[in-house]
Amino acid sequence: MYPAERNAMPFDIEFHQSPQDIADTAVFPVYKGGAFTAATQEQDNDLSGLLSRALEKNPQFSGKAGQTVAVATPESSAYGRIVLLGLGEREKLDADSCETIGGKLFLTLQALGAVKVEFFLDDADEVENISLAERGAHIAAGLSLRGYRFDKYKTRKDEEDEESNDLQSVHFITEDAS
């Protein structure tokens, strides 16, 4: 076996029952049509309607699967930014769409320079086609697959790559974590 120069998954993925208070970015899901999940609605209430206003100001965001809107938060917030992530229609949410959503989310997090992320999975939110645990696992798989880099045979290292603040961890927050 050859030694790997880089891990297949360059960031950690973990599941927790409560926020770890170490993240610079939080991800909250939104269904098609801008329908908030329970956790997203709770965060919107805590931020005095900031997330609702962000959706009003971004009419191109419809909650389509993989769409994102980044929202800067006030200093009183535990997070520097919140990403609203479109899940699409509840009835069409399945394993494949969750993996695609995870891959698209990775690109957004990378573009934002997110280092530590908390993703709030909603326990109160029932979806027929896929359980909460499967939803989290498939979104995590999509993140992992999109984040994979194979640099072993790369002959020239870019200085920019070495200095970048790569994504270090994604914590999925759900009461079902075990």
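First, a word on what this report is: a plain description of the structure on this page. (Residues numbered from 1 in each chain as written. Predicted model: local features only at pLDDT ≥ 70, side-chain atom pairs only at ≥ 80, totals over all residues. Heavy atoms only, no water.)

## Re the overall build of the protein
Within the protein, the regular secondary structure consists of five helices and seven strands. Scanning the protein from its N terminus toward the C terminus, one meets helices and strands in the order β-β-β-α-α-β-β-α-β-α-α-β. Restricting the contact set of the protein to residue pairs at least 6 apart, pairs at least 24 apart contribute 74%. Carbon and sulfur atoms make up 46% of the accessible area of the protein, which amounts to about 10000 Å² in all. (Helix = DSSP H or I, 4+ residues; strand = E, 2+ residues; numbered from the N terminus. Contact = heavy atoms within 4.5 Å. Areas by Shrake-Rupley, 256 points an atom, 1.4 Å probe, with all protein chains shown as cover.)

## Brief notes about the layout of surface pockets
Approximately 270 Å³ is the volume attributed to the largest pocket. Considering every element that reaches the lining of the largest pocket, the biggest residue donor is helix α1 (residues 38-46), with five residues. Here the lining of the largest pocket is built from residues that sort into seven nonpolar, three polar and five charged. (1 Å grid on protein atoms, 1.4 Å probe; cavity = no way out; pocket = protein on both sides within 12 Å on 5 of 7 lines; lining within 4 Å. Points joined across faces, edges and corners; volume = space filled by probe spheres on them. Nonpolar A, V, L, I, M, F, W, Y, C, P; charged D, E, K, R; others polar.)

## Examining the pairing of strand β5 (residues 81-88)
Most of β5 is tucked away: seven of the eight residues are buried. Across seven bridges, strand β2 (residues 25-31) lies against β5 in parallel orientation. Looking at the pairing, T25 lines up with R81 of β5. Pairing of strand β4 (residues 68-72) with β5 involves five bridges; the strand directions are antiparallel. The partner of A72 across the bridge, within β5, is R81. (Buried < 20%, exposed > 50% of the residue type's maximum accessible area, 1.4 Å probe, protein only. Pairing = 2+ DSSP bridges.)

## Some thoughts on the packing of helix α3 (residues 95-112) against helix α4 (residues 132-147)
Where α3 meets α4, the axes come as close as 7 Å, and the angle between the chain directions of the two elements is 50°. Of the possible angle classes, the one that applies to α3 and α4 is oblique. Judged by the sense of rotation from one axis to the other, the crossing of α3 with α4 is right-handed. Contacts between α3 and α4 pair A95, C98, E99, G102, G103, L105, F106, L107 and L109 from the former with R135, H138, I139, A141, G142, L143, L145, R146 and G147 from the latter. Residue composition of the contact of α3 with α4, by class: 10 nonpolar, five polar and three charged. (Axes fitted to C-alpha atoms, helices over the stretch in contact; angles between N-to-C directions. Parallel < 35°, antiparallel > 145°, perpendicular 65-115°, else oblique. Left-handed = near helix turned anticlockwise from the far one by under 90°.)

## Side note on the pairing of strand β7 (residues 169-173)
When you tally the buried positions in β7, you get five out of five residues, the bulk of the element. For strand β6 (residues 116-120) and β7, the ladder comprises five bridges, and the chain directions are parallel. Along β7, the bridge assignment pairs V117 with V170.

## What about the packing of aromatic side chains?
This structure, assessed with the given rule, holds five aromatic pairs. Centre to centre, the rings of F11 and F106 are 5.8 Å apart; their planes meet at 20°, and the pair counts as stacked. Of this pair, F11 sits in the segment before β1 (12-16) while F106 sits in helix α3, and the two are 95 residues apart along the sequence. Exposure class is identical for F11 and F106. Each is buried. Aromatic pair F15 and F172: ring centres 4.9 Å apart, planes at 15°, arrangement stacked. (Phe/Tyr/Trp six-rings, centres within 6.5 Å; stacked < 30°, edge-to-face > 60°.)

## Re unusual backbone geometry
A positive phi angle is found at S48, which is not glycine, with a value near 55°. By the secondary structure assignment, S48 is in the loop between α1 and α2 (50-57). The class for S48 is exposed, based on a relative accessible area of 59%.

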